[in-house]
Amino acid sequence: MSLLNETHDPTLSSWVASANLPGTDFPIQNLPFAVFRRKDSEEPFRGGVAIGDKVLDIAALCRKNILDGDAQRTAVAASASTLNNFMALGHTAWSSLRLALSRLLREDAKQQAITAQCLLELEDVEVALPAHIGDYTDFYTSIHHATNVGKLFRPDNPLLPNYRWVPIGYHGRASSIVLSGHDVHRPRGQLMPPGAESPTLAPSKRLDFELELGIFVGTGNLLGTSIPMADAEQHVFGVCLLNDWSARDIQGWEYQPLGPFLSKSFATSISPWIVTLEALAPYRLPFTRDANEPQPLPYLDGEHNRALGAFDIQLKVTLETPAMREANVPPHTICQTNYKHAYWTLAQLITHHTVNGCNLQAGDLLGSGTLSGPESHQLAALLEITHGGKVPLALPNGEQRIFLEDGDQVTLRGWCAIKGAARIGFGECTGTVFS
Ligand code: MN
């Protein structure tokens, strides 16, 4: 069955002129969801869809009563102050709203004048977290990242034997997930420098970013039940950018034997716009596992996953220091990678997460893990770029970085661009460090 439908047609254009500009993240083929209100207003937050440089106010659209049946009911759910109820409705409902919005925003749409009354300028709105995130789980799906980090923490034993069998993850902290643009406070914690006799409490000196994707769960599962691979993707609402800020010195001291704790829980940044799994359909790739590697256990294998389980999502990280900002030096690209290098697919993450009967709920967030690729320009954390702080990163203005300093701004970007499909983007996920 093809996952493509009329909403993916690359020849579609919109009467919203900015949605047709080459390079826009939000053409009519994308239609990502967020929660917004007019800047500096007391208005309630409600769901919106990005189109070019505008946002379509779904609550306002509901009041126009121009959607039919299923799409109208779905739009009502999507006009609430969080998207949880909309996410819980399931993929048939999400798809019916996407189709209706695509038809309303097309060049030749009959109800253009009415729909146009529901548009606001993106620059005039402020966003909120798109969902109440009940639980956040961070995975570790890049074998390149796991090996590079393993070499630093355990030179004699870089990749633990379970890695090739188990999608490794840990339970993260949901309360400290913040939106792009939120400044990130340098955490304090116990530091145990090499050679010291006892730890001290101090601000982290090894603050890092991690380039990841965030995966929003749509429909959940009941406690005690599992989601098989064949159904896993139907439980995924969509994908955003995620920066899993990490304090490497706190992490190095605390992580054994139970994994990361305070080195991660001080902040996680996400981009506000959720690109739906349906919008990502044209950019799918086969999931392959090298013949020399152990093959996934049967519960993590599936025909659909083999054929189309991976995604071609291009990812980039830029760094801007205060000195660069002052001198108008553009942000420097420090990583360019792709989600296709992940060792486990998002379907495998969903299935593995629930194999023990753990219940996922609408609005839960999964982090993909740091998405480093195999090559040196694809390293997705400073820990890897600087070889654990031993090789400074040279910046174009002559500055160097080992880890993040106060005032440094990290920005993640993601987009899909292949022949025969529209280019769609994720917007950005940015954060500035302060003490
Ligand atoms: Mn992480």
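Scroll up for the structure.
Procedures and definitions
Residues numbered from 1 in each chain as written. Predicted model: local features only at pLDDT ≥ 70, side-chain atom pairs only at ≥ 80, totals over all residues. Heavy atoms only, no water. Helix = DSSP H or I, 4+ residues; strand = E, 2+ residues; numbered from the N terminus. Rg over C-alpha atoms; globule rule 2.2 N^0.38 Å. Buried < 20%, exposed > 50% of the residue type's maximum accessible area, 1.4 Å probe, protein only. Contact = heavy atoms within 4.5 Å. 1 Å grid on protein atoms, 1.4 Å probe; cavity = no way out; pocket = protein on both sides within 12 Å on 5 of 7 lines; lining within 4 Å. Points joined across faces, edges and corners; volume = space filled by probe spheres on them. Nonpolar A, V, L, I, M, F, W, Y, C, P; charged D, E, K, R; others polar. Axes fitted to C-alpha atoms, helices over the stretch in contact; angles between N-to-C directions. Parallel < 35°, antiparallel > 145°, perpendicular 65-115°, else oblique. Donors = N, O, S within 2.8 Å, 3.2 Å for Na, K, Ca; no water. Pairing = 2+ DSSP bridges. Polar contact = N/O pair within 3.5 Å; in protein donor to acceptor, adjacent residues only side chain to side chain. Salt bridge = Lys/Arg side-chain N within 4 Å of Asp/Glu carboxyl O. Phe/Tyr/Trp six-rings, centres within 6.5 Å; stacked < 30°, edge-to-face > 60°.

## Looking at the overall build of the protein
Line of reasoning, step 1. The number of helices and strands found in the protein is 12 helices and 26 strands.
Line of reasoning, step 2. The C-alpha atoms of the protein give a radius of gyration of 22 Å, which matches the 22 Å a tight globule of 435 residues would have.
Line of reasoning, step 3. Across its three principal axes, the protein shows a C-alpha extent of roughly 70 × 55 × 40 Å.
Line of reasoning, step 4. Relative to its 435 residues, the protein shows a buried fraction of 56%.
Line of reasoning, step 5. Residue pairs in contact within the protein that sit at least 24 positions apart in sequence constitute 73% of those at least 6 positions apart.

## Description of the layout of surface pockets
Line of reasoning, step 1. Approximately 640 Å³ is the volume attributed to the largest pocket.
Line of reasoning, step 2. Taken together, 30 residues form the lining of the largest pocket, with Tyr140, Ile168, Tyr255, Gly259 and Pro260 sitting closest to its centre.
Line of reasoning, step 3. Of all elements in the fold, only β6 (136–139), α6 (143–153), β7 (169–171) and α8 (248–254) reach the threshold of two or more residues within the lining of the largest pocket.
Line of reasoning, step 4. Its residues assigned to classes, the lining of the largest pocket shows 15 nonpolar, 9 polar and 6 charged.

## Section: the packing of helix α2 (residues 69–78) against helix α4 (residues 91–105)
Line of reasoning, step 1. Between α2 and α4, whose axes approach to 8 Å, the crossing angle comes to 100°. Considered as vectors, α2 and α4 are oriented roughly perpendicular to each other. On the side of α2, the interface is formed by Asp70, Ala71, Thr74, Ala75 and Ala78, while α4 contributes Ala93, Trp94, Ser96, Leu97 and Ala100.
Line of reasoning, step 2. Looking at the contact of α2 with α4, its residues break down into 7 nonpolar, 2 polar and 1 charged.

## Side note on the coordination of the manganese ion
Line of reasoning, step 1. For the manganese ion, the full set of protein donor atoms is Asp138 (OD), Glu210 (OE), Glu212 (OE) and Asp244 (OD), at a range of 2.0 to 2.2 Å.
Line of reasoning, step 2. Binding-site remark: the manganese ion is held by donors from one chain whose sequence spacing is D-x71-E-x1-E-x31-D. Residue Glu210 is located in the loop between β12 (207–208) and β13 (211–217), and its partner Asp244 is located in the loop between β14 (236–243) and β15 (246–247); the two are separated by 34 residues in the primary sequence. No difference in accessibility class separates Glu210 from Asp244, as the two residues are buried.

## Quick look at the sheet that holds strand β21 (residues 332–338)
Line of reasoning, step 1. Strand order across the open sheet formed by 5 strands is β9-β26-β25-β20-β21, with mixed pairing between neighbours. Where the open sheet ends on each side, the last strands, each with one partner, are β9 (184–185) and β21.
Line of reasoning, step 2. Sheet analysis places β9 next to strand β26 (residues 424–434), joined by 2 bridges and oriented parallel. Each bridged residue has a counterpart across the sheet, and for His185 the counterpart in β26 is Phe434.

## Notes on the side chain of Thr386
Line of reasoning, step 1. As for its position among the elements, Thr386 is in the loop between α12 (382–385) and β23 (393–394).
Line of reasoning, step 2. Engagement of the side chain of Thr386 in a polar contact is seen with the backbone nitrogen of Gly389, the distance being 2.9 Å.
Line of reasoning, step 3. If we ignore the near neighbours within four places in the chain, the residues touching Thr386 are Val391, Leu393, Arg401, Ile402 and Phe403.

## Some points on the pairing of β14
Line of reasoning, step 1. The buried fraction of β14 amounts to 8 of the 8 residues, a majority that puts the element mostly inside the structure.
Line of reasoning, step 2. The pairing of β13 with β14 spans 7 bridges and is classified as antiparallel. Bridging from a neighbouring strand, Gly214 pairs with Cys240 of β14.
Line of reasoning, step 3. Summarising the sheet, β14 and strand β17 (residues 275–276) pair through 2 bridges and their orientation is antiparallel. The residue of β17 that forms the bridge with Val239 is Val275.
Line of reasoning, step 4. Examined bridge by bridge, β14 and strand β16 (residues 268–270) share 2 bridges and lie antiparallel to one another. Bridge pairing links Asn243 to Ser269 in β16.

## Things to note about the sheet that holds strand β2 (residues 46–51)
Line of reasoning, step 1. Taken together, the 5 strands give an open sheet; going across it, the order is β4-β3-β2-β1-β5, and neighbouring strands pair in antiparallel fashion. Either end of the sheet is taken by a strand with one partner, and the two such strands are β4 (119–121) and β5 (125–128). Strand after strand, the sheet turns through a mean of 50° between neighbouring axes, direction not considered.

## With respect to the environment of Gly363
Line of reasoning, step 1. Its place among the elements puts Gly363 in the loop between α11 (346–354) and β22 (365–367).
Line of reasoning, step 2. Counting along the chain gives 147 residues from Gly363 to Phe216, while the straight-line C-alpha distance between them is 5.9 Å.
Line of reasoning, step 3. Beyond its immediate chain neighbours, meaning those up to four positions away, Gly363 contacts Asn84, Met87, Ala131, His132, Ile133, Gly134, Phe216, Val217 and Gly218.

## Considering the pattern of salt bridges
Line of reasoning, step 1. A complete count under the given rule lists 24 salt bridges for this structure.
Line of reasoning, step 2. Notably, a salt bridge pairs Arg103 with Glu6, separated by 2.9 Å at the nearest N-O pair. Taken as a pair, Arg103 in helix α4 and Glu6 in the segment before β1 (33–38) lie far apart in primary sequence, 97 residues in all.
Line of reasoning, step 3. The partly exposed category is assigned to Arg103, whose relative accessible area is 44%.
Line of reasoning, step 4. For Arg248, the salt bridge is made with Glu210, and the minimal N-O distance between the two is 3.0 Å. In this pair, Arg248 sits in helix α8 while Glu210 sits in the loop between β12 and β13, placing the two residues 38 residues apart along the sequence. Residue Arg248 shares its accessibility class with Glu210, and that shared class is buried.

## Looking at the packing of aromatic side chains
Line of reasoning, step 1. A full pass over the atoms with the stated rule returns 9 aromatic pairs.
Line of reasoning, step 2. Pairing Phe86 with Phe237 gives two aromatic rings, centres 5.3 Å apart and planes at 75°, and the pair type is edge-to-face. You can see Phe86 sitting in helix α3 (residues 84–88) and its partner Phe237 sitting in strand β14, a full 151 residues away along the chain.
Line of reasoning, step 3. Overall, the relative accessible area of 1% leaves Phe237 in the buried class.
Line of reasoning, step 4. Where Tyr343 meets Trp344, the ring centres are 5.4 Å apart and the plane angle is 80°; that geometry is what we call edge-to-face.

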